[in-house]
Amino acid sequence: MNNDRGMIKWMPFKSLPQDEVLKKILKEKERIAKPILSKEQLEELEKRLVEAFYEQIDMTLTIYSGGFIKKITSRVIKLNSSHRTILLKNHVTVHFNQILDIDLF
């Protein structure tokens, strides 16, 4: 009669959080530094943003958030200059300093 413990002998290895740690390390390696925009680029972004707001044009925002570059397509509902934020139609709030590019449709 075979007295093998089967899967029981591998259970201690399954309890180690190695998979989660590896995923976290790989995610950290994908992060990038925030690109620096010139004064002219910032002025152009401001013009596009004001145009999109007053003409209610859909736009694609390229933003930097948490070490990653993301794209959001929406329409501006509110510009808050005192808090330097933008409220989008899909209920996302974006800070001015996160914006890297604006493409108007």
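These notes cover the structure that comes with them. (Residues numbered from 1 in each chain as written. Predicted model: local features only at pLDDT ≥ 70, side-chain atom pairs only at ≥ 80, totals over all residues. Heavy atoms only, no water.)

Here's the deal with the sheet that holds strand E1 (residues 59-65)
Part 1: Across the sheet, which stays open at both edges, the three strands sit in the order E2-E1-E6 with antiparallel pairing between neighbours. Either end of the sheet is taken by a strand with one partner, and the two such strands are strand E2 (68-74) and strand E6 (99-104). Across the sheet, the mean angle from the axis of one strand to that of its neighbour is 20°, orientation sign disregarded.
Part 2: As paired elements, E1 and E6 share five bridges and run antiparallel to each other. Looking across to E6, one finds that Thr 60 is bridged to Asp 103. (Pairing = 2+ DSSP bridges. Helix = DSSP H or I, 4+ residues; strand = E, 2+ residues; numbered from the N terminus. Axes fitted to C-alpha atoms, helices over the stretch in contact; angles between N-to-C directions.)

A short note on the sheet that holds strand E5 (residues 93-95)
Part 1: Across the sheet, which stays open at both edges, the three strands sit in the order E3-E4-E5 with antiparallel pairing between neighbours. Only two strands of the sheet have a single neighbouring strand rather than two, namely strand E3 (76-80) and E5. Here the average twist between neighbouring strands, direction ignored, is 20°.
Part 2: Relative to the sheet, helix H3 (residues 39-55) contacts E3 and strand E4 (85-88), its axis offset from that of E3 by approximately 125°. (Contact = heavy atoms within 4.5 Å.)

Thoughts on the pairing of E1
Part 1: Of all seven residues making up E1, six are buried, and the element is well covered by its neighbours.
Part 2: Taken together, the seven bridges between E1 and E2 define a ladder with antiparallel strand orientation. Across the sheet, the residue bridging to Ile 63 is Lys 70, located in E2.
Part 3: Counting the residues between successive antiparallel strands, the hairpin from E1 to E2 contains two residues, one of them, Gly 66, with a positive phi of roughly 60°. (Buried < 20%, exposed > 50% of the residue type's maximum accessible area, 1.4 Å probe, protein only.)

Points about the side chain of Thr 62
Part 1: Tracing the chain through its elements places Thr 62 in strand E1.
Part 2: You can call Thr 62 buried: its relative accessible area is 8%.
Part 3: A polar contact is formed between the side chain of Thr 62 and the side chain of Lys 71, at a distance of 3.3 Å. (Polar contact = N/O pair within 3.5 Å; in protein donor to acceptor, adjacent residues only side chain to side chain.)

Here's the deal with the packing of aromatic side chains
Part 1: The tally for this structure, following the rule as stated, stands at one aromatic pair.
Part 2: We note Lys 27 situated over the ring of Phe 68; from NZ or CZ to the ring centre the distance is 5.0 Å. (Phe/Tyr/Trp six-rings, centres within 6.5 Å; stacked < 30°, edge-to-face > 60°. Lys NZ or Arg CZ within 6 Å of the ring centre and 35° of its normal.)

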